[in-house]
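Structural description and commentary
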Amino acid sequence: LGAPVGYLAGLNVDVVLADLNGDDAPDIALVNDAADLLVVLLNLGDGTFASSVTYPVGNNPQAIVAADFDGDGDLDVASGNYVTDDVSILLNDGDGSFGPAVSYGVDVMGVVGLVAADLDGDGDVDLATASQLEDGISILTNDGTATFELFGDYEIGANLDAIVAGDVSGDGRPDLVVADLVADAALVLISGGDTNTIFQNDVRYPVGDEPLSVVTADFNGDGWLDIAVANGGDDTVLVTLSNTTGGFLPPTTVATGNGPGQIDAGDLDFDGDPDLITINQLGNTIAVLLNDGDGAFVLDAEYPTGALPSQGVLTDLDADGDLDLAVVVLGTSIKTLTNDGTGTFGAAASHAAGGIARAIAAADVDGDGARDLVVSVPVTNTVNVLLNDGGGGFVLDGAYGIGVGVDRLAAAHLDDDCHVDLVATSIGADVVNTLAGDGTGGFGSLASHASSTNPYGIEVADFDADGFVDIAVTNGYLAGDDGMTIYFGDAGGTFARAMYFATAGSEPAGLTIADLDRDGDLDAVLANSASDDISILYNRCMGVAPPPPCPEDLDGNGVTDAADLATLLASWGPCPRCPSDLDDDGFVNAADLAILLAGWGICDE
């Protein structure tokens, strides 16, 4: 090597070599973190470089990559910016000069690493960032025109640094490898490929005052799932029916008891349609709302529970085939109310809980065929097991450590041993804990998973269709980041991969999971207690069937015509994931009308 040659570029922290002007000679692009600049030095063809040209980027850039983001054949540049928590995209005009930066924010603070790769398998180049101030990476997906959308976050470790992409698993898809400065380790994230789960930006619907709980069921028997919400601030239940295209009709409301904090759905009176039940925290009752079969509800009766009922579970406690209720109340006992099969409940019976309980779940934890109860006791940081004696009673059997201040519980099969396991959220501790069941009513090893702020509502389901159950929790109840975190499961019942989805609603509390748009994957509904609305996150599983060759032909008869126009106009307005939403922005509007009219006539083969 000869003597080094210096070129004036400022204080730089990352550099990339790439042919920026198409002359087959590598040029230099680097980021100047002190001046917030991209610096470009073009190769003169003889190993020397022209004077630098600079372009403004975000604040304190720490990383740079070059890739063809807009598909025009030349290399563009992206910088990862530490202070502004964003990525700046600068498009190449073909001769090595660049247009103004366009920035896209990420949800993790302190961007220090950046990598470009086709992460979602759609043929264009996406971006992943690594953060040094928060525990995770962010994914930005590209629509092919260099327009990026925040895909979500993975919470994988603290003080991350460099990030690279490569096919580590040998499946033909790019995986990510991240350097963890604290753990002195390389963290590997294997691509889910066609089993990744992507949720589109949430679609919000206004509801009543302080919605705390939400449930889905087919209330009117049309084959589509509808939504019911308990509004704790105005003592109502709001019901919104599906419009059968993935959206929802204007809601109706029905009065319920005082301060409904939880809602559940089930066929209480055995007439073939789902009814509703609310737990009324201020009224010290449960309320039964019977369904007329068309999705219209009437308050049938209220039943006293004892002081301050907080949480409950609707299940068959006495093995007679109808749905009963177990409720946590103020004090050291829980209450059970049995259903006579007509939707009429008997007097509440008391059962010792072994302490002041907060959360409750029901499952056959000892394998005898009867539904047992599990309650959390925050004072002792335990879950207490109450075994069903088969005669309507529950016997306190044991207590097991579950972590600090458990607020919600869920029972599910998390691994492959067929035993019932537990999932618990703790608002103050910002963790999600899992507890493995032994099949005899006991519980063993505890595993903790870091969460975004204030995890609360829980649902367990297979979101990415890989055959293993995942865990979803709401974040931001009472304070903190508003959204939902998914913990993706594997064959061993571990949840090493997590992903956070921000929502626009405030302080989500309740959570329910259902296939609202009947596309074969599970969507999420969050009850936003502070913004008085619900957020629907529609699941966009990768690897779904390709769109039809003529999407404007809504009725599939080979011709885009007046019938298709009528279908589109009938779907006008908010209509996420419905066929008439031709540009997939969640709304049927003038843009979709223009697409349909442009495809008018016989479809091309």
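Before reading further, recall that the structure is shown in the block above.
Now for a description of the structure that goes with this document. Remember, it's a predicted structure, so these values are computed and weren't measured experimentally.

The sheet built from four strands is open, its strands ordered β21-β22-β23-β24 with antiparallel pairing. Either end of the sheet is taken by a strand with one partner, and the two such strands are β21 (260-266) and β24 (297-304). Strand-to-strand twist of the sheet, defined as the mean angle between neighbouring strand axes without regard to direction, takes the value 20°.

As a further point, take the sheet that holds strand β5 (residues 61-67). Here four strands make up an open sheet; going across it, the order is β5-β6-β7-β8 and the pairing antiparallel. Either end of the sheet is taken by a strand with one partner, and the two such strands are β5 and β8 (102-105). Adjacent strand axes in the sheet meet at a mean angle of 20° when their direction is disregarded. One ladder, built from four bridges, connects strand β7 (residues 86-90) with β8; its direction is antiparallel. Opposite Ile89, over in β8, you have Val102 as the bridge partner.

Let us look at the side chain of Asp124. By the element assignment, Asp124 lies in the loop between β9 (111-117) and β10 (126-131). Looking at Asp124, its side chain comes within polar contact range of the main-chain nitrogen of Gly144, at 3.1 Å. When residues no more than four places from it in sequence are discounted, the contact partners of Asp124 are Ala117, Asp118, Asn142, Asp143 and Gly144.

The residue Phe270 is not glycine, and still its phi comes out positive at about 60°. Note on placement: Phe270 falls in the loop between β21 and β22 (275-280). Unusually for a residue other than glycine, Ala319 sits at a positive phi of about 60°.

Our next topic: the pairing of strand β39 (residues 483-488). Among the six residues of β39, six are classified as buried, and the element is accordingly described as predominantly covered. The alternating pattern of β39 places Gly483, Thr485 and Tyr487 on one face and Met484, Ile486 and Phe488 on the opposite face, and all of these are buried. In the sheet, strand β38 (residues 470-475) pairs with β39 via five bridges, with the strands oriented antiparallel. For Ile471, the partnering residue across the bridge sits in β39 and is Tyr487.

Turning next to the side chain of Asp275. Within the element layout of this structure, Asp275 appears in strand β22. Among buried charged residues, Asp275 stands out as having no salt bridge; its nearest opposite-charge side chain is Arg371, 18 Å away. Polar contacts involving the side chain of Asp275 include one to the main-chain amide nitrogen of Leu268, which spans 2.9 Å. A distance of 3.4 Å separates a polar atom in the side chain of Asp275 from the backbone nitrogen of Asp269.

Parameters and conventions
Residues numbered from 1 in each chain as written. Predicted model: local features only at pLDDT ≥ 70, side-chain atom pairs only at ≥ 80, totals over all residues. Heavy atoms only, no water. Pairing = 2+ DSSP bridges. Helix = DSSP H or I, 4+ residues; strand = E, 2+ residues; numbered from the N terminus. Axes fitted to C-alpha atoms, helices over the stretch in contact; angles between N-to-C directions. Polar contact = N/O pair within 3.5 Å; in protein donor to acceptor, adjacent residues only side chain to side chain. Contact = heavy atoms within 4.5 Å. Buried < 20%, exposed > 50% of the residue type's maximum accessible area, 1.4 Å probe, protein only. Lys, Arg positive; Asp, Glu negative; His and termini not counted. Salt bridge = Lys/Arg side-chain N within 4 Å of Asp/Glu carboxyl O.

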